[in-house]
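# Working through the structure, step by step
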Amino acid sequence: MQLSASSYGLQPFKVLDIKDPKLRAELKPLSWNQSQITEASHLFLFCSSTKVSDKDVDHLITLNSEINNIPLENLSGYGDFIKGKMAEKSEDEMLHWTAKQSYIALANALNACAELGIDATPMEGFDAEAYNKTLKLKEKGLNASVVLAIGYRHDDDAAQHAKKVRKPINSLFETL
């Protein structure tokens, strides 16, 4: 997740690793009482930033300068470009855009789990506003986007041997 791509490299999201069993129990009714909330060995909440500030962009540019040993002044034009693009976004556009960025990280997490043979369930079945309130996310400039439950399924899980149901390739892809 940390190495996931994101637009401009900004990573306008944070991933919360929810370990506290009491907190998970509190979140379960906010998650349509889905058992994965309390039963998964790992529970991650992807939170998108509610805003990307000039300070966030400056931090990225400084980090890029330090890591890649590039003079800061050589990156200032790129930083100004990003700031301009962020300033063009309305509040709603910003929320949608940052949420999309968190989903890119989610996709990479799902692929990593598949590669490692670990079961993973992305979950949108939760009350995001209730999560925001319970976890005081708005005060941190964050918005709950998607939950990822990770672990190994129970041996008695009847669905584990079912074939995946997906659209056929010729229905999903179209050549132009």
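Above this text sits the structure in question.
Residues numbered from 1 in each chain as written. Predicted model: local features only at pLDDT ≥ 70, side-chain atom pairs only at ≥ 80, totals over all residues. Heavy atoms only, no water.

What follows covers the overall build of the chain. Helix and strand counts for the chain come out as seven helices and four strands. In terms of overall dimensions, the chain has C-alpha extents of about 60 × 45 × 30 Å along its principal axes. Considering the chain as a whole, with its 176 residues, one finds that 32% of them fall into the buried category. In the chain, 73% of the contacts between residues at least 6 apart in sequence involve partners at least 24 apart. Of the roughly 11,700 Å² that the chain leaves accessible, carbon and sulfur atoms contribute 53%. Counting 20 positive and 24 negative side-chain charges, the chain places the averaged centre of each group 3 Å from the other. (Helix = DSSP H or I, 4+ residues; strand = E, 2+ residues; numbered from the N terminus. Buried < 20%, exposed > 50% of the residue type's maximum accessible area, 1.4 Å probe, protein only. Contact = heavy atoms within 4.5 Å. Areas by Shrake-Rupley, 256 points an atom, 1.4 Å probe, with all protein chains shown as cover. Lys, Arg positive; Asp, Glu negative; His and termini not counted. Charge placed at Lys NZ, Arg CZ, Asp CG, Glu CD.)

This next bit is on the sheet that holds strand E2 (residues 42-49). What the four strands build is an open sheet, ordered E1-E2-E4-E3; its pairing is antiparallel. The open sheet has two free edges, formed respectively by strand E1 (13-17) and strand E3 (119-123), since each of these has just one partner strand. Direction aside, neighbouring strands of the sheet carry axes that sit 25° apart on average. (Pairing = 2+ DSSP bridges. Axes fitted to C-alpha atoms, helices over the stretch in contact; angles between N-to-C directions.)

Moving on, we get to the packing of aromatic side chains. Describing an aromatic ring pair means giving the distance of the ring centres and the angle of the ring planes. The full count for this structure, using the stated rule, is three aromatic pairs. Ring geometry for Tyr8 versus Phe81: centroids 6.2 Å apart, planes at 70°, classification edge-to-face. On the criterion of sequence distance, the pair formed by Tyr8 in the segment before E1 and Phe81 in helix H4 (residues 72-87) is long-range, its members being 73 residues apart. Their ring planes at 45° and their centres at 6.4 Å tell us that Tyr8 and Trp97 sit as a pair that is tilted. With Tyr8 in the segment before E1 and Trp97 in helix H5 (residues 91-116), the pair connects residues that are 89 residues apart, well separated along the chain. Tyr8 gets classed as partly exposed once you look at its relative accessible area, which sits at 27%. (Phe/Tyr/Trp six-rings, centres within 6.5 Å; stacked < 30°, edge-to-face > 60°.)

The next point concerns unusual backbone geometry. Of note in the backbone geometry, Gln11 takes a positive phi value of approximately 45° without being a glycine. On the basis of relative accessible area, Gln11 is assigned to the partly exposed category, the value being 32%. Positive phi, close to 55°, is recorded for Trp32, a residue that is not glycine. Among the secondary structure elements, Trp32 is positioned in the loop between helix H1 (21-27) and helix H2 (36-39).

This paragraph deals with the layout of surface pockets. A probe as big as a water molecule, rolled over the atoms, marks out the empty space that is left. When its volume is computed, the largest pocket comes out at roughly 720 Å³. Lining the largest pocket we find 21 residues, and of these Asp119, Ala120, Thr121, Arg153 and Asp157 sit closest to its centre. Looking at the lining of the largest pocket, the elements with two or more residues in it are H2, E3 and strand E4 (142-151). Counted by class, the lining of the largest pocket contains seven nonpolar, seven polar and seven charged residues. In this structure, the second largest pocket occupies an estimated 530 Å³ of space. Residue lining of the second largest pocket: 19 residues in total, with Leu10, Gln11, Pro12, Phe13 and His59 positioned closest to the centre. Looking at the lining of the second largest pocket, the elements that each hand over two or more residues are E1 and helix H3 (54-68). (1 Å grid on protein atoms, 1.4 Å probe; cavity = no way out; pocket = protein on both sides within 12 Å on 5 of 7 lines; lining within 4 Å. Points joined across faces, edges and corners; volume = space filled by probe spheres on them. Nonpolar A, V, L, I, M, F, W, Y, C, P; charged D, E, K, R; others polar.)

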